[in-house]
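Single-letter residue listing:
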Amino acid sequence: MRRTIPLLISSITGFLLIVAFFIPYTESWGNEVMNWFDIVAAFAFVLGAGSLLKMHLRKVSDRRAGWGYSAVTVLAFLMMLGMGLGKVGVPPSEKFPNHPFSGHYLHEGGAFWWIFQYLFLPLSATMFAMLAFYIASAAFRAFRAKNTEAIILLITAFIVLLGRTYAGEVLTDWLPESLAFLRLERLTEDTIMNVFNLAGNRAIMIGIGLGIVSTSLKVLLGVDRSYLGSE
Amino acid sequence: MLAFFENLDRRWIFLLMFLVVAAAILTQVKFPEKPSPMVRNVFRTIEDLPDGSSVLLALDYDPASEGELQPMASAFTRQCAKKKHKLFYITLWAPGVPMIQRSIEILKSEFQEYRYGQDYVNLGYRTGGEGVIKLVTSDLKRLYANDVAGTNLDDIPLTRNLKNIQKMDLIVNVGAGSPGSKEWVQYAATPYNIQMVAGTTGVGAPPLYPYIPNQLAGILGAIKAASEYEQTLLERYPELNENEKAQEAKRRMGPQLVAHMLMIGLIILGNVIHFSQRRREISQ
């Protein structure tokens, strides 16, 4: 029973959405299901938060390796949750001045806004920016012309790296119009992106599409039950 | 000398990268841009719409990709405001709400005639990814009873009679991943035949090429395309030349150029070391 009911829910919902896509009369049924999905998705936040707390609190309590990071995670999570739900530092909205919680949680100057602006934003940007350092180091150590495939990859990388900056224009702008297709920016866009990349991505996309159809059918027909977890 | 490079500590590379990028940022060096046909296509798609058209601006990114994508969102906002389009902001990413706020600040400071509720509206964030797109294309108010500030959509002139987004003249998506441009193409632009353009990160652009030109009129890929877009905008609206904020992407091309050049230099150096090692091994 514990597996049959979720299986039935998945099958009915899945087939309903397929039918709703192809038969206009049933479109509203699909919308109804999607509406439920959005409500359930909101509940998933609660589930996710509970799971996060359980996992990290256990790690802290067992004093497992890296428990300090878990403590920071729990602390940051509770702090953001408290600031957001409590709307700390947020004045009431102009429309409802007598209701203390009527302001927006991201109101400029509020605690949540402050943390987002001065902690979350710079930390996120820093993490992303650090990629440049690691890519540079990896390029130096690993990008070697060891075989034909690596040489092709190297040449492509050079063209794209130069073609995506002003350097590409400076280096090959002198080429006459009859050879304009050899200009680095044109090679990048017209040849690499619009021919090789396009063909490769289209093939991958069609492959993924067929894979999704086959996997979805297996799930909907109850052949693949791995998403339900083990007994 | 070669022995030094063979055992080069990676921290030297980190330091070098830091120095060249910092120098380019501090000197604020800018380069002329020659907009590509793809960038011009995206520009024309917005420009050719009649003044006052309805445009859905879906900003699906977070602070991690803000550096690459905010200049695109800002340029789209400025162009749409110049054309007096009606703007509907929405995001499928929870941290996307403050990103929308950045664009709205542009409207507030540079286009003071723009009125909230009459010329633009911020629908904010709802959870559900593709599910949100499915619902807003059929019955918007079922999911969005109010805007980001909690005002009922029936009390906002711009959304009072808006049943769904099928009547939008254009969808502009600036996205850093999933849900993002691909989902808007699959669940909104293609089924309901709505014109769409997208702006995305460097790594996000290649998978979108198969959708061009039928499902996507064009895409802006990475900061280079954003910079070319700004150039196109400056050519069309020269008064923006005085606005430094309208040239954010152009300013970021300097650091990108030096970082790319350094990478090329490092790859060449790495290969010189590789071949010298191989020669040494063969001779032994």
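All residue numbers refer to position in the chain's written sequence, counted from 1. As a convention, the first chain written is A and the first ligand written is 1, with the rest following in written order. Only residues with pLDDT of 70 or above have their local features reported here, since the model is predicted, and side-chain atom pairs are shown and tallied only from 80 upward, although totals for entire chains, interfaces and linings are computed over all residues.

## Side note on the overall build of chain B
Helix and strand content of chain B: eleven helices and six strands. Seen through its C-alpha atoms, chain B measures out along the principal axes to roughly 80 × 40 × 35 Å. Counting across all 284 residues of chain B, residues that qualify as buried make up 48%. Look at the contacts in chain B between residues 6 or more apart in sequence, and 74% of them connect residues 24 or more apart. Helix and strand assignments follow DSSP, with helices taken as H or I runs no shorter than four residues and strands as E runs no shorter than two, numbered in order from the N terminus. Here exposure depends only on C-beta density: within 10 Å of a residue's C-beta, 20 or more other C-beta atoms make it buried, 12 or fewer make it exposed, and intermediate numbers make it partly exposed, the C-beta atoms being placed from the backbone. Any residue pair is listed as a contact if its two C-beta atoms, each placed from the backbone, are within 7 Å.

## A few points about the domain arrangement of chain B
On domain assignment, one finds that chain B holds domain 1 (2–27 + 257–283) and domain 2 (37–242). Bear in mind that the domain bounds are from an automatic or database domain assignment. On a C-alpha basis, the centres of domain 1 of chain B and domain 2 of chain B stand 40 Å from each other.

## Focus on the interface of chain B and chain A
Each partner contributes to the interface: chain B provides 50 residues, whereas chain A provides 46 residues. Contributions of two or more residues to the side of chain B that touches chain A are made by α2 (10–27), α4 (66–82), α5 (96–110), α6 (130–138), α7 (140–143), α10 (222–236) and α11 (248–283) of chain B. Ranked by residues supplied to the side of chain B that touches chain A, first place goes to α11 of chain B with 15 residues. Considered class by class, the residues forming the side of chain B that touches chain A number 29 nonpolar, twelve polar and nine charged. In the scheme used here, Gly and all other residues not listed as nonpolar or charged are polar, with Ala, Val, Leu, Ile, Met, Phe, Trp, Tyr, Cys and Pro taken as nonpolar and Asp, Glu, Lys and Arg as charged.

## Regarding helix α9 (residues 181–189) of chain B
At 3.6 residues per turn, the α-helix brings residues three or four places apart onto the same side. All names here are of chain B. In terms of burial, α9 is largely enclosed, as eight of its nine residues are buried. Within α9 the residues assigned to the buried category are Ser181, Lys182, Glu183, Trp184, Val185, Tyr187, Ala188 and Ala189. Elements in contact with the buried residues of α9: β1 (54–60), α6, β4 (170–175) and β5 (196–200).

## Focus: the pairing of strand β6 (residues 218–221) of chain B
Each regular strand shows side chains that alternate between the opposite faces of the sheet. Residues and elements named next belong to chain B. Residues Gly218 and Leu220 line one face of β6 and the alternating positions Ile219 and Gly221 line the opposite face, and both faces are buried. Two strands pair if DSSP finds at least two bridges between them. Direction of pairing for β5 relative to β6: parallel, over a ladder of four bridges. Bridge pairing links Thr200 to Gly221 in β6.

## Points about the confidence of the model for chain B
pLDDT runs from 0 to 100 and stands for how confident the predictor is about each residue. Here chain B averages 93 in pLDDT, while 100% of its residues score no lower than 70. Across the predicted assembly, pTM comes out at 0.90 and ipTM at 0.83.

## Structural notes on the environment of Leu15 of chain B
Assignment of secondary structure puts Leu15 of chain B in helix α2. In this structure the C-alpha to C-alpha distance between Leu15 of chain B and Arg236 of chain B, which are 221 residues apart in sequence, comes to 41 Å.

## Regarding the packing of helix α5 (residues 148–163) of chain A against α11 of chain B
Between the N-to-C directions of two axes lies an angle of 0 to 180 degrees, each axis being a line fitted to C-alpha atoms and, for a helix, fitted only over the stretch in contact. It is the contact of α5 of chain A with α11 of chain B, at a shortest axis distance of 10 Å, that shows an interaxial angle of 155°. The orientation of α5 of chain A with respect to α11 of chain B, classified from their angle, is roughly antiparallel. Handedness of the α5 of chain A/α11 of chain B crossing: left-handed. Two secondary-structure elements touch here, α5 of chain A through Leu154, Phe158 and Leu161 of chain A and α11 of chain B through His260, Met263, Ile264 and Ile267 of chain B. Considered class by class, the residues forming the contact of α5 of chain A with α11 of chain B number six nonpolar, one polar and no charged. If an angle is under 35 degrees, it is roughly parallel; if it is over 145, roughly antiparallel; if it lies from 65 to 115, roughly perpendicular; otherwise it is oblique. Handedness of a helix crossing follows the sense of rotation of the near helix relative to the far helix, less than a right angle counterclockwise being left-handed and clockwise being right-handed.

## Things to note about the sheet that holds strand β3 (residues 120–125) of chain B
Strand-to-strand pairing in sheets goes through backbone hydrogen bonds, with the strands running parallel or antiparallel. All names here are of chain B. Ordered by their spatial adjacency, six strands build an open sheet running β3-β2-β1-β4-β5-β6, and the pairing between neighbours is parallel. Two strands bound the open sheet, and with one partner strand each, they are β3 and β6. Taken over all neighbouring pairs, the strand axes of this sheet differ in orientation by 15° on average, direction set aside. As paired strands, β4 and β5 are joined by five bridges and run parallel to one another. For Gly175, the partnering residue across the bridge sits in β5 and is Thr200.

## What to know about the nonpolar core
Residue and element names in this part refer to chain B. Connectivity within a nonpolar core runs through C-beta atoms within 7 Å, and the core itself is a set of buried Ala, Val, Leu, Ile, Met, Phe, Trp, Tyr and Cys residues. Counting residues in each nonpolar core, the largest one holds 92 residues, and the members touching the most others are Leu56, Leu57, Tyr89, Ile171, Met196 and Tyr229. The element that contributes the greatest number of residues to this core is α11, accounting for nine residues. Counting residues domain by domain, this core receives three or more from each of domain 1 (2–27 + 257–283) and domain 2 (37–242). Excluding its chain neighbours within four sequence positions, the residues that come into contact with Leu57 are Phe76, Leu87, Phe88, Tyr89 and Val172.

## A few points about α10 of chain B
Multiplying one less than the number of residues by 1.5 Å gives the expected span of a helix. With 15 residues, α10 of chain B ought to run about 21 Å at 1.5 Å a step, and its terminal C-alpha atoms sit 22 Å apart, in line with that. Turning to α10 of chain B, its buried residues number three or more, namely Ala222, Ile223, Lys224, Ala225, Ala226, Ser227, Glu228, Tyr229, Glu230, Gln231, Thr232 and Leu233 of chain B.

## Remarks on unusual backbone geometry
Residue and element names in this part refer to chain B. With an omega dihedral of -5°, the bond running from Ser178 to Pro179 counts as a cis peptide bond. As for its position among the elements, Pro179 is in the loop between β4 and α9. A positive phi is found at Lys84, a non-glycine position, where the angle reads about 60°. Relative to the assigned elements, Lys84 resides in the loop between α4 and β2 (86–91).

## Section: the packing of helix α1 (residues 4–22) of chain A against helix α2 (residues 27–62) of chain A
Residue and element names in this part refer to chain A. One way to put it is that α1 packs onto α2 with a least axis distance of 7 Å and a crossing angle of 140°. Of the possible angle classes, the one that applies to α1 and α2 is oblique. Between α1 and α2 the crossing geometry is left-handed. Contacts between α1 and α2 involve Thr13, Leu16, Leu17, Ala20 and Phe21 on the former and, on the latter, Glu27, Trp29, Gly30 and Val33. Residues of the contact of α1 with α2, tallied by class, amount to six nonpolar, two polar and one charged.

## Some details on the environment of Phe15 of chain A
Position of Phe15 of chain A relative to the elements: it lies in helix α1. When the C-alpha atoms of Phe15 of chain A and Ala111 of chain A are compared, they prove to be 46 Å apart, with 96 residues separating the residues in sequence.

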